[in-house]
Amino acid sequence: MREVIPEGAQVVFLGDGEFDGTALQATLHEAGWSYTCRTALSPVATWEGTTFRLDTLGAWSKPGTRIALQEVKFTRSAYGPVMGLSCWAKGYQEPLYLVRNMDAAEEACRYDQKRFCIETFCSDQKSRGFHIHKSHISDPQRLSRLLIAACLAYIWIVY
């Protein structure tokens, strides 16, 4: 993707739990991109010399709270420093656990909320709607045209 995205563009990568690997985080960091990824409950983190499972942050929180730890080393490979974060929105049964390379905890929770719109859109373009993934188009220009048509159709349907 680095070849396609213009130099100097602000990029924020949002990922679900399967995107919390340290190799991906290192690649995103090397590219100069920001990221906020949900993480599985069981990864270990080390903060101020104490190693713990990330889901233990939830034991200290309640709905409507956010706990952010700066300078965390993530997983047993001690990748980082990153921010480890527990966001427990009101109305939810449990907190979300995030890992990110930016400073502002509130911003991470806001970005993660946008993920729901993105996921819905992508599934409507693929398996729940237009089935673009079955087109097998590899030519970038043809794929671009198909995506433009599908996106316009999507907007028309939503409207």
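Residues numbered from 1 in each chain as written. Predicted model: local features only at pLDDT ≥ 70, side-chain atom pairs only at ≥ 80, totals over all residues. Heavy atoms only, no water.

## Structural notes on the sheet that holds strand β7 (residues 96-100)
Then step 1. Taken together, seven strands build an open sheet; the order of strands is β1-β2-β7-β6-β5-β3-β4 and the sheet is mixed. Of all strands in the sheet, those with a lone pairing partner are β1 (12-15) and β4 (50-53), marking the two edges. With direction set aside, neighbouring strand axes in the sheet form an average angle of 30°.
Then step 2. Contacts from helix α1 (residues 22-31) reach β1, β2 (34-38), β5 (65-74), β6 (79-88) and β7 within the one sheet, and its direction differs from that of β6 by about 105°. (Pairing = 2+ DSSP bridges. Helix = DSSP H or I, 4+ residues; strand = E, 2+ residues; numbered from the N terminus. Axes fitted to C-alpha atoms, helices over the stretch in contact; angles between N-to-C directions. Contact = heavy atoms within 4.5 Å.)

## Description of the side chain of Gln-125
Then step 1. For Gln-125, the location among the structural elements is in helix α2 (residues 105-125).
Then step 2. For Gln-125, a relative accessible area of 5% corresponds to the buried category.
Then step 3. Those residues in contact with Gln-125, other than ones at most four positions away along the chain, are Phe-130, His-131, Ile-132, Ala-150, Cys-151 and Tyr-154. (Buried < 20%, exposed > 50% of the residue type's maximum accessible area, 1.4 Å probe, protein only.)

## Comments concerning the pattern of salt bridges
Then step 1. The full count for this structure, using the stated rule, is one salt bridge.
Then step 2. Among the salt bridges present, the one from Asp-124 reaches Arg-128, with a minimum N-O distance of 3.0 Å.
Then step 3. Residue Asp-124 is classed as buried on the basis of its relative accessible area of 16%.
Then step 4. A residue is classified by how much of its surface remains accessible, and Arg-128, at 55% relative accessible area, is exposed. (Salt bridge = Lys/Arg side-chain N within 4 Å of Asp/Glu carboxyl O.)

## Here's the deal with the pairing of β5
Then step 1. Where strand β3 (residues 44-47) lies against β5, two bridges are found, and the strand directions are antiparallel. Bridging across to β5, Thr-46 finds its partner in Lys-73.
Then step 2. Count of turn residues in the β5/β6 antiparallel hairpin: four residues, of which Thr-75 carries a positive phi of about 65°.

## Comments concerning the pairing of β2
Then step 1. With five of five residues buried, β2 is to be regarded as a mostly interior element.
Then step 2. The alternating pattern of β2 places Ser-34, Thr-36 and Arg-38 and Tyr-35 and Cys-37 on opposite faces, both of which are buried.
Then step 3. Two strands pair when backbone bridges link them, and β1 and β2 are joined in this way by four bridges, in the parallel orientation. Looking across to β2, one finds that Gly-15 is bridged to Cys-37.
Then step 4. Across three bridges, the pairing between β2 and β7 is antiparallel. Note that in β7 the partner of Cys-37 across the bridge is Val-99.

## Brief notes about a nonpolar patch on the surface
Then step 1. On the surface, Phe-130, Trp-156 and Ile-157 cluster together into a nonpolar patch covering about 390 Å² of accessible area.
Then step 2. Within the element layout of this structure, Phe-130 appears in the loop between α2 and α3 (140-158).
Then step 3. Judged by its relative accessible area of 33%, Phe-130 falls in the partly exposed class. (Patch = residues over 30% accessible without salt bridge, like charges linked within 9 Å, V, L, I, M, F, W, Y side chains within 5 Å. Areas by Shrake-Rupley, 256 points an atom, 1.4 Å probe, with all protein chains shown as cover.)

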